[in-house]
Amino acid sequence: MQKVPPPQSYAELATILREQLHDLPKGQQRIATVLLSDPESTAFRTIAQTAEAAEVHQSSLVRFATSLGLKGYPALVALCREHLSDQAHLVRRFEAAATDSSTESLMSSVLDHEQQNLSRTFARIEHDDWERAVDHLSSAPAVHIMGMRKCLSAAQLLSYLLHLVRPDVHLLASSAGMLVDEIRDLKPGDTFVGISLRRYTADTVRTFHEAKRRGLTTIALTDNPTSPLADADITFFVDSQGVHILRSMSAFISLVQTLATAVAFARGADSRSELNVDEELLQSMNIYWDG
């Protein structure tokens, strides 16, 4: 574990663990995964129970905590309890929003969360990762995109926007029973974009692993380092907290729009050519209502 100032909050702890996760020894990776994926339960576990969950000795948990500059396992528990308190606060805010007849109150709460989601998501993007993602999405022979259930809207939007500025963009979906046939078209050198967050859809995860096996460059838009998509060649972690019934997709939507715009800029004249062809087709086929 790299020496850093001890975390003062669960959010700081999570940031440290996300940054160092893949460099940690296996045992410490398992501890970090437990802390990242299930802080709520950890807040009430004994050291023996957490050690069992992480498949390590109790002494490993103590050393892990001290390596972070914390005073043993109780300090880890305290950070998780603080997180649980924050989550309870969010639930109370949701309940208050649900019972408050004031539209202004609900909108204010939603706006606050969405601003935080966007700020955190874009702040953690590394410049080199961004440039690599744009390069692959711009130059790969083909781009294959998949996101199911609540992530379908982001996948559809990315597919639509990329297809406006480059050829050979394919949206993969299992709803028509043709997923196996679509996976057959995955070729080495292509780029695969997987979009998923807890609870992760099995078809997206399986297709992601098949794309890696076949030698495609993989790009993941997901929620945290414990995600089964987190070991993509390029991974963007997207915040989705909020007072909505389901997880918020606003940061996902904003991220795919920005990615597609960057690809359009990167392709330059080629993008303009694709857009001109699209516009000619839209006019010749009377796609839009002219009033």
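A few points on the structure.

Definitions and limits used
Residues numbered from 1 in each chain as written. Predicted model: local features only at pLDDT ≥ 70, side-chain atom pairs only at ≥ 80, totals over all residues. Heavy atoms only, no water. Axes fitted to C-alpha atoms, helices over the stretch in contact; angles between N-to-C directions. Helix = DSSP H or I, 4+ residues; strand = E, 2+ residues; numbered from the N terminus. Parallel < 35°, antiparallel > 145°, perpendicular 65-115°, else oblique. Left-handed = near helix turned anticlockwise from the far one by under 90°. Contact = heavy atoms within 4.5 Å. Expected span 1.5 Å × (residues − 1). Buried < 20%, exposed > 50% of the residue type's maximum accessible area, 1.4 Å probe, protein only. Pairing = 2+ DSSP bridges. Right-handed = clockwise from strand over helix to strand, strands pointing away. Patch = residues over 30% accessible without salt bridge, like charges linked within 9 Å, V, L, I, M, F, W, Y side chains within 5 Å. Areas by Shrake-Rupley, 256 points an atom, 1.4 Å probe, with all protein chains shown as cover. Salt bridge = Lys/Arg side-chain N within 4 Å of Asp/Glu carboxyl O. Polar contact = N/O pair within 3.5 Å; in protein donor to acceptor, adjacent residues only side chain to side chain. Lys, Arg positive; Asp, Glu negative; His and termini not counted. Charge placed at Lys NZ, Arg CZ, Asp CG, Glu CD.

### Comments concerning the packing of helix α1 (residues 10-20) against helix α2 (residues 26-37)
(1) Moving on: At a minimum axis separation of 10 Å, α1 and α2 run at an interaxial angle of 140 degrees. Considering the angle they form, α1 stands oblique to α2. Every pair of crossing elements has a handedness; the one defined by α1 and α2 is left-handed. Along its contact with α1, which presents Y10, A14, L17 and R18, the element α2 presents A32, L35 and L36.

### Some words on α2
(1) Moving on: Taking 1.5 Å of rise per residue, the twelve residues of α2 would be expected to cover 16 Å, and the 16 Å separating its terminal C-alpha atoms lies within 8% of that figure.
(2) Moving on: Along α2, the residues classified as buried are Q29, I31, A32, V34, L35 and L36.

### As for the pairing of strand β1 (residues 143-147)
(1) Moving on: Among the five residues of β1, five are classified as buried, and the element is accordingly described as predominantly covered.
(2) Moving on: Here β1 shows two buried faces, one formed by V143, I145 and G147 and the other by H144 and M146.
(3) Moving on: Note that β1 and strand β2 (residues 169-172) share four bridges and pair parallel. Directly across from V143, in β2, lies its bridge partner V169.
(4) Moving on: The parallel pair β1 and β2 is bridged by helix α9 (residues 152-165), and the resulting crossover is right-handed.
(5) Moving on: Sheet analysis places β1 next to strand β3 (residues 191-195), joined by five bridges and oriented parallel. Bridging across to β3, M146 finds its partner in G194.

### Some remarks on unusual backbone geometry
(1) Moving on: Here the amide bond leading from R198 into R199 is cis, since omega sits at -5 degrees, within 30 degrees of zero.
(2) Moving on: Position of R199 relative to the elements: it lies in the loop between β3 and α11 (202-213).
(3) Moving on: Here E55, not a glycine, exhibits a phi torsion of approximately 60 degrees, which is positive.
(4) Moving on: Here E55 falls in the exposed class, since its relative accessible area comes to 61%.
(5) Moving on: With a phi close to 55 degrees, D168 is a non-glycine residue in the positive phi region.
(6) Moving on: Residue position: D168 is located in the loop between α9 and β2.

### Quick notes on the sheet that holds β1
(1) Moving on: On the basis of which strands lie adjacent, the open sheet formed by five strands has the order β2-β1-β3-β4-β5 and parallel pairing. Because the sheet does not close on itself, it has two edges, and the strands there are β2 and β5 (234-237). Taking the axes of each pair of neighbouring strands and ignoring which way they run, one obtains an average angle of 15 degrees across the sheet.
(2) Moving on: Sheet topology places β3 next to strand β4 (residues 217-222); five bridges connect them, and they run parallel.

### Brief notes about a nonpolar patch on the surface
(1) Moving on: On the surface, Y160, V277, L281, M285, I287 and Y288 cluster together into a nonpolar patch covering about 660 Å² of accessible area.
(2) Moving on: Among the secondary structure elements, I287 is positioned in the segment after α13 (269-284).

### So, the side chain of Q29
(1) Moving on: Tracing the backbone shows Q29 in helix α2.
(2) Moving on: A polar contact is formed between the side chain of Q29 and the backbone oxygen of L24, at a distance of 3.0 Å.
(3) Moving on: Residues contacting Q29, with those up to four places away along its chain left out, are L21, H22 and L24.

### Considerations on a negative patch on the surface
(1) Moving on: Among the surface-exposed residues, E19, E126, D128, E131 and D135 lie close enough to one another that they form a single negatively charged patch.
(2) Moving on: The dominant element in the negative patch, judged by the number of residues it contributes, is helix α8 (residues 127-139), at three residues.
(3) Moving on: Along the chain, E19 turns up in helix α1.

### Description of the environment of E40
(1) Moving on: Tracing the chain through its elements places E40 in helix α3 (residues 39-42).
(2) Moving on: When the C-alpha atoms of E40 and C80 are compared, they prove to be 6.6 Å apart, with 40 residues separating the residues in sequence.

### Some thoughts on the pattern of salt bridges
(1) Moving on: Counted under the stated rule, the structure contains six salt bridges.
(2) Moving on: A salt bridge links R132 to D129; the shortest N-O distance between them is 3.1 Å. Residue R132 and its partner D129 are both found in helix α8; the two are separated by three residues, about one turn of the helix.
(3) Moving on: For R132, a relative accessible area of 36% gives the class partly exposed.
(4) Moving on: In this structure, R206 and D203 form a salt bridge, with 3.1 Å as the shortest nitrogen-oxygen distance. Of the two residues, R206 and D203 are both situated in helix α11; the distance of three residues between them amounts to about one turn of the helix.
(5) Moving on: Taking the relative accessible area as the measure of exposure, D203 reaches 25% and is therefore partly exposed.
(6) Moving on: Where salt bridges share partners, they join R120, R124 and D239 into one cluster.

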